[in-house]
Amino acid sequence: MTLFDDFNRTDPSRKGHLEDLFTFLNRAATPYWERVRVLLAEWVDRLPDRDRTEVVARMRSRDRRQFLGAFWETYLFASFEQLGFGVTIHPQISASSRHPDFRIETNQGPAYVEATVASVSNDVSARDRRRGQIYDTINRLNCPDFRLSLDLLAEGSEAPSIRRHLPAIQAWLDDLDVHNASKLSDARRSDELPTRELDNRGWVIRITAVPRGAESRGESAGRAIGFYPEEAGSSDGRGPILAALREKAGRYGELDAPYVIAVMQETIIPDDDVFHALFGNLQTTVPLDNPEAERTALGHDGFWRGPAGAQNSGIAAVLVAQDLYGWNITTCAPELWYNPWARTPLGDFFPWRSHRIDAAGAIQTRGPTIQLPELFALPEHWPGPEEGRFEV
């Protein structure tokens, strides 16, 4: 079973907001994306037959989480092979009838690695689909002289019907005078630029027409939306990664080698949130009888540090990947966090950036020991100097 279809590709357009990752990769007709397809297909072909069939089915799925999970496992397998490790997929273990994803053999001994994806909630996924539908619909507008800036003033619980408003919005855009708008922009009077509001099914969307520079105006100017609404950050970015780690922590019982959980983070969170997920969130206490004695310290709510102290000591390390895809493997890499209380400590054989907590409680960071293009035997600017033309 092959990963990608064999056909004459003719569609070089960018990924739509609602287009699933595999469909985009399978149809994107540019040299840039062809190089990505070739590499991913080579990686998948190196898998044993039984595992390859499962991975291909998951990567071809329209489910983003299935795609990311299968890609992440394939990325790890390819990385381990490139590093010269011996790799057994789904090895037998004595402590459970279940099978970890990998057992690797290194010059410092064996280790087990379990891959997982830290997913956003179903509510967030549904919200993103509703927004994606709005963006894809508005991007159908033809506005060669303007880039549209969107603001979501209110969000409804169901997808709005934007398509029926497109003719009126198009007529509005066609009537705008780009020269007058440019004068306002040049005078830094952006609050006076032409705007239009849509009110539908609980959504209130403000569209602002921002003039393009004279050199970029024209029929081939690209997508209509140039400025998307700012994404509101999560109140606790630790949630998904903590849930993923807890699900895998005791899955295989007591293992005979260090156990590493490798987490693909579906959304980007600050490095601080990864640290606080592992070691506890910051908490401030204020004595009622002495408010000036305020104290901030790590709480006992981390994966490795709980109410009774050290916990989950069977997990030697956690490998975290964020914003890692098949097209940015030479510029983006996972990072490794060591458990200072591990019963079976992990050796120092992974090449990625790593973090340890020393005896004084300070974070000690070691940089990568190999450059990413070298790790994968790829050119420095792979997959190419061309623009990938990708939008999430």
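Keep in mind that what you see is a predicted model, and the values were worked out from it rather than measured.

What counts, and where the lines are drawn
- Residues numbered from 1 in each chain as written.
- Predicted model: local features only at pLDDT ≥ 70, side-chain atom pairs only at ≥ 80, totals over all residues.
- Heavy atoms only, no water.
- Pairing = 2+ DSSP bridges.
- Helix = DSSP H or I, 4+ residues; strand = E, 2+ residues; numbered from the N terminus.
- Axes fitted to C-alpha atoms, helices over the stretch in contact; angles between N-to-C directions.
- Contact = heavy atoms within 4.5 Å.
- Salt bridge = Lys/Arg side-chain N within 4 Å of Asp/Glu carboxyl O.
- Buried < 20%, exposed > 50% of the residue type's maximum accessible area, 1.4 Å probe, protein only.

K.L.:
Which parts of the structure should I look at to understand the sheet that holds strand E7 (residues 225–227)?
P.N.:
Within a sheet, neighbouring strands are paired by backbone hydrogen bonds and run either parallel or antiparallel to one another. Within the open sheet, the four strands sit side by side as E5-E6-E4-E7. Their pairing is mixed. The sheet is open, and its two edges are formed by strand E5 (195–200) and E7, each paired on a single side. Neighbour-to-neighbour, the strand axes of the sheet open up by a mean angle of 35 degrees, direction not taken into account. When E5 meets strand E6 (residues 203–211), the two strands line up antiparallel, connected through six bridges. Its bridge partner being in E6, Arg196 is matched across the sheet by Ile207. Contacting strand E4 (146–154) and E6, helix H7 (residues 178–186) crosses the sheet at an angle of about 90 degrees to E6.

K.L.:
Help me understand the pattern of salt bridges in this model?
P.N.:
Oppositely charged side chains can form a pair if their charged atoms are brought close together. If you walk through the whole model with that rule in mind, you get 23 salt bridges. Its salt-bridge partner being Glu19, residue Arg27 comes within 2.8 Å of it at the nearest N-O pair. Its salt-bridge partner being Glu192, residue Arg189 comes within 2.8 Å of it at the nearest N-O pair. Each member of the salt-bridge network shares a partner with another, and the members are Asp11, Glu19 and Arg27.

K.L.:
Help me understand the sheet that holds strand E16 (residues 363–366), please; the structure alone is not making it clear to me.
P.N.:
Strand order in the open sheet made by the eight strands is E1-E2-E3-E8-E13-E14-E15-E16, with mixed pairing throughout. Whereas interior strands pair on both sides, the edge strands pair on one side only; in this sheet they are strand E1 (86–89) and E16. On average, each strand axis in the sheet is inclined to that of its neighbour by 25 degrees, with strand direction left out of account. Of the strand pairs in this sheet, strand E15 (residues 354–357) and E16 are connected by four bridges, and their pairing is antiparallel. Bridged to Ser354 within E16 is Arg366. Strand contacts of helix H8 (residues 238–249): strand E3 (109–118), strand E8 (259–265) and strand E13 (317–322), with the helix running at about 145 degrees to E8, the strand carrying the most contacts. Its contacts with the sheet put helix H9 (residues 271–279) on E13, strand E14 (335–338), E15 and E16, and the angle it makes with E14 is roughly 30 degrees.

K.L.:
Help me out: how do you make sense of the pairing of E8 in this one?
P.N.:
When a strand is regular, its side chains alternate between the sheet's two faces. Most of E8 is tucked away: seven of the seven residues are buried. Burial of the side chains of E8 extends over both faces: Tyr259, Ile261, Val263 and Gln265 are buried on one face and Val260, Ala262 and Met264 on the other. Of the strand pairs in this sheet, E3 and E8 are connected by seven bridges, and their pairing is parallel. Directly across from Val117, in E8, lies its bridge partner Met264.

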